Amino acid sequence: MSSNKTLNAKELDKIVEKMIDTVQHSKDEIFRIGEQSRQEHERLLQELMEVKMLTKQTIEEADKLEIQTRLSRQRLAEVSKDFSLYSEEEIREAYEKAHELHMELAMVREREKQLRLRRDELERRLVGLKETIERAEHLVGQITVVLDYLNSDFRQVGEFIEGAKQKQEFGLKIIEAQEEERKRLSREIHDGPAQTLAHAILRSDFIEKVLKDRGIEAAIAEIRDFKKMVRSALYEVRRIIYDLRPMALDDLGLIPTLRKYLQTIEDYNREITVSFVHIGEEVRLPARMEVAVFRLVQESVQNALKHAEATEIQVRTEMNNNQLFVMVKDNGKGFDTTVKKENAFGLIGMKERVELLQGTLTIRSKIGFGTTIFIRIPLNV
């Protein structure tokens, strides 16, 4: 029985190794395709900006030529009415000028037509490339989850789970949980700092053109907008890092990390006042408890920012030998606590975290009078 189990485990390891090699190769290929598509997308975006600028200039040139052509035709009509009033040179010059402007206008209109066609073609190609990039990112994310599962979870639990059905269900739960988290993080990075930085690259090239074409004052105005864009990307990156895990938790502990986090929230939300008070000693707590409490405060503050439309947020913590007390209060629009909201996953997650710590969570809120969240967590369990 024992040798059978060992043999099966070895056979399973060989199969997994082959699967890992195949999946890794596929991931590399998809990533390469995604990177090539992204580079082509950036190149075409730059070309599209130039084509749009050329199209605008060509239209303006055509409009001017249209006026000149119309005037030359009027001049030609005047000359043609009575040849006796004009010299042969004046008549020939009127004909040549009208013909020259007509030909030049036709060439400019043709150039405008070609530029419009090129613009439309570039926009269609950009749409296709964007779909390819998004699909590649999605597939790379899925394959990464599968690789993680094959490299760690599948190896560890393979010999302990009996039956193909149990093994499948267990693996699917792991994959589903990891995939959801990766999708959320990927979406936040893609929609936030990645997009902003991509636009910043294009904007920096555009500033050079503005400086050459419109002068230093216009360029300075563009640089101000550029700085705002970079500052926004920096804020998004810091927020995502905090969402993953604040590094200060490991080094400084809960209270200093909360103080730094709340100060950052206030710095990047100038219209909101955030205050923090801690009563008691700033002692270190077990790591899992510090992470859980930080997430509870973070979720409460984010709810006040996103949903409550608050202008003041107060956070208070108190620690003694027996318990940790946390209060988060805002002056937002509040809500009716007796009405059950659909998809209120944030509050559900907060309650689950508190229950895991054997604590209590109380929410007091009234429409028009803000919300206060009370959390009590025992420290001697």
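Residues numbered from 1 in each chain as written. Predicted model: local features only at pLDDT ≥ 70, side-chain atom pairs only at ≥ 80, totals over all residues. Heavy atoms only, no water.

Visitor: Describe the sheet that holds strand 1 (residues 273–279), and please don't skip the residues or the numbers.
Guide: Spatial ordering of the open sheet is given by 1-2-3-5-4, a layout of five strands whose pairing is mixed. Here the strands that pair on one side only, and so sit at the sheet edges, are strand 1 and strand 4 (360–365). Averaged over all neighbouring strand pairs, the angle between strand axes comes to 10°, with direction disregarded. Two strands pair when backbone bridges link them, and strand 1 and strand 2 (residues 312–319) are joined in this way by seven bridges, in the parallel orientation. The residue bridging F276 from the neighbouring strand is V315, located in strand 2. (Pairing = 2+ DSSP bridges. Helix = DSSP H or I, 4+ residues; strand = E, 2+ residues; numbered from the N terminus. Axes fitted to C-alpha atoms, helices over the stretch in contact; angles between N-to-C directions.)

Visitor: Tell me about helix 7 (residues 287–306), residues and numbers included.
Guide: Between its terminal C-alpha atoms helix 7 stretches 28 Å, which fits the 28 Å expected from 20 residues at 1.5 Å a residue. Among the 20 residues that make up helix 7, 15 are buried, leaving the element largely enclosed by the rest of the structure. (Expected span 1.5 Å × (residues − 1). Buried < 20%, exposed > 50% of the residue type's maximum accessible area, 1.4 Å probe, protein only.)

Visitor: Could you give an account of helix 6 (residues 254–268), naming the residues involved and the relevant values?
Guide: Note on helix geometry: an α-helix contains 3.6 residues per turn, so any two residues three or four positions apart are oriented the same way. The first and last C-alpha atoms of helix 6 sit 21 Å apart over 15 residues, in line with the 21 Å expected at 1.5 Å per residue. Listing the buried residues of helix 6 in full gives L254, I255, T257, L258, Y261, L262, T264 and I265.

Visitor: Quick rundown of the packing of aromatic side chains? Include the residues and the values.
Guide: Evaluation of the coordinates by the stated rule reveals two aromatic pairs. A ring pair is formed by F325 and F374, whose centres lie 6.3 Å apart and whose planes are at 35°; its orientation type is tilted. With F325 in strand 3 (residues 323–330) and F374 in strand 5 (residues 371–378), this residue pair connects regions lying 49 residues apart in the sequence. Its relative accessible area of 16% is what places F374 among the buried residues. (Phe/Tyr/Trp six-rings, centres within 6.5 Å; stacked < 30°, edge-to-face > 60°.)

Visitor: Can you lay out the side chain of T371 for me, pointing to particular residues and giving the numbers?
Guide: Relative to the helices and strands, T371 is located in strand 5. A polar contact of 2.8 Å, which involves the side chain of T371, links it to the side chain of S365. Those residues within four positions of T371 in sequence are excluded, and the remaining contacts are V328, K329, D330, G334, F335, I363, R364 and S365. (Polar contact = N/O pair within 3.5 Å; in protein donor to acceptor, adjacent residues only side chain to side chain. Contact = heavy atoms within 4.5 Å.)

Visitor: Hey, could you go over a positive patch on the surface for me, with residue numbers and the actual values?
Guide: On the surface, R224, K227, K228, R231 and R270 cluster together into a patch of positive charge. Examined against the element boundaries, K228 turns out to sit in helix 4 (residues 216–244). For K228, a relative accessible area of 54% corresponds to the exposed category. (Patch = residues over 30% accessible without salt bridge, like charges linked within 9 Å, V, L, I, M, F, W, Y side chains within 5 Å. Areas by Shrake-Rupley, 256 points an atom, 1.4 Å probe, with all protein chains shown as cover. Salt bridge = Lys/Arg side-chain N within 4 Å of Asp/Glu carboxyl O. Lys, Arg positive; Asp, Glu negative; His and termini not counted. Charge placed at Lys NZ, Arg CZ, Asp CG, Glu CD.)

Visitor: Mind laying out the environment of T372, listing which residues take part and the relevant values?
Guide: Summarising the element assignment, T372 is placed in strand 5. Taking C-alpha positions, T372 is 9.7 Å from I313, a pair spaced 59 residues apart along the chain. Residue contacts for T372: discarding those within four places in its chain leaves M327, V328, K329, T362, I363 and R364.

Visitor: Residue-level account of the pattern of salt bridges, with values.
Guide: With the rule as written, the count across this model stands at 19 salt bridges. When the shortest N-O distance is used, the salt bridge between E47 and R43 registers 3.4 Å. Taken together, the residues E47 and R43, both in helix 1 (residues 2–81) and four residues apart, mark about one turn of the helix. The exposure class of E47 is buried, given its relative accessible area of 19%. Of the residues examined, R43 reaches a relative accessible area of 43% and is grouped as partly exposed. Three or more residues joined by partner-sharing salt bridges are found here, namely E40, R43, E47, R118, E121 and R125.

Visitor: Give a detailed account of unusual backbone geometry, specifying residues and quantitative values.
Guide: Located in the positive-phi region is E309, a residue other than glycine, with phi close to 55°. Mapped onto the secondary structure, E309 falls in the loop between helix 7 and strand 2. One non-glycine residue, Q358, lies in positive phi territory at about 60°.

Visitor: I'd like to hear about the nonpolar core, residue by residue, with values.
Guide: Within the largest apolar cluster, 34 residues are counted, with the highest numbers of intra-cluster contacts made by L254, V301, I313 and V315. Considering every element that reaches this core, the biggest residue donor is helix 7, with ten residues. Each residue touching V315, except ones within four places of it in the same chain, is listed here: L262, S275, F276, V277, V297, V301, M327 and V328. (Core = buried A, V, L, I, M, F, W, Y, C linked by side-chain atoms within 4.5 Å.)

Visitor: Please set out the packing of helix 6 against helix 7 residue by residue, giving values where relevant.
Guide: Running from amino to carboxyl end, helix 6 crosses helix 7 at an angle of 20°, the nearest separation of the two axes being 10 Å. As the angle between them shows, helix 6 and helix 7 are arranged roughly parallel. The two elements helix 6 and helix 7 cross, and the hand of that crossing is right-handed. Contacts between helix 6 and helix 7 involve L254, T257, L258, Y261, L262 and I265 on the former and, on the latter, E290, V293, F294, V297, Q298, V301, Q302 and L305. Grouping the amino acids of the contact of helix 6 with helix 7 by side-chain chemistry returns ten nonpolar, three polar and one charged. (Parallel < 35°, antiparallel > 145°, perpendicular 65-115°, else oblique. Left-handed = near helix turned anticlockwise from the far one by under 90°. Nonpolar A, V, L, I, M, F, W, Y, C, P; charged D, E, K, R; others polar.)

Visitor: Which residues make up the confidence of the model for the protein chain, and what values do they have?
Guide: On average, residues of the protein chain carry a pLDDT of 78, and 76% of them reach 70 or more. Residue range residues 1–7 is modelled with pLDDT below 50. Its contacts to residues more than four positions away, or to other chains, number one contact. Here residues 157–167 scores under 50 on pLDDT; set against residues more than four positions off or in separate chains, the count is eleven contacts. (pLDDT = per-residue confidence, 0-100.)

Visitor: Let's hear about the pairing of strand 4: which residues, and what values?
Guide: With six bridges joining them, strand 4 and strand 5 adopt antiparallel strand pairing. Across the sheet, residue I363 finds its bridge partner in strand 5, namely I373.

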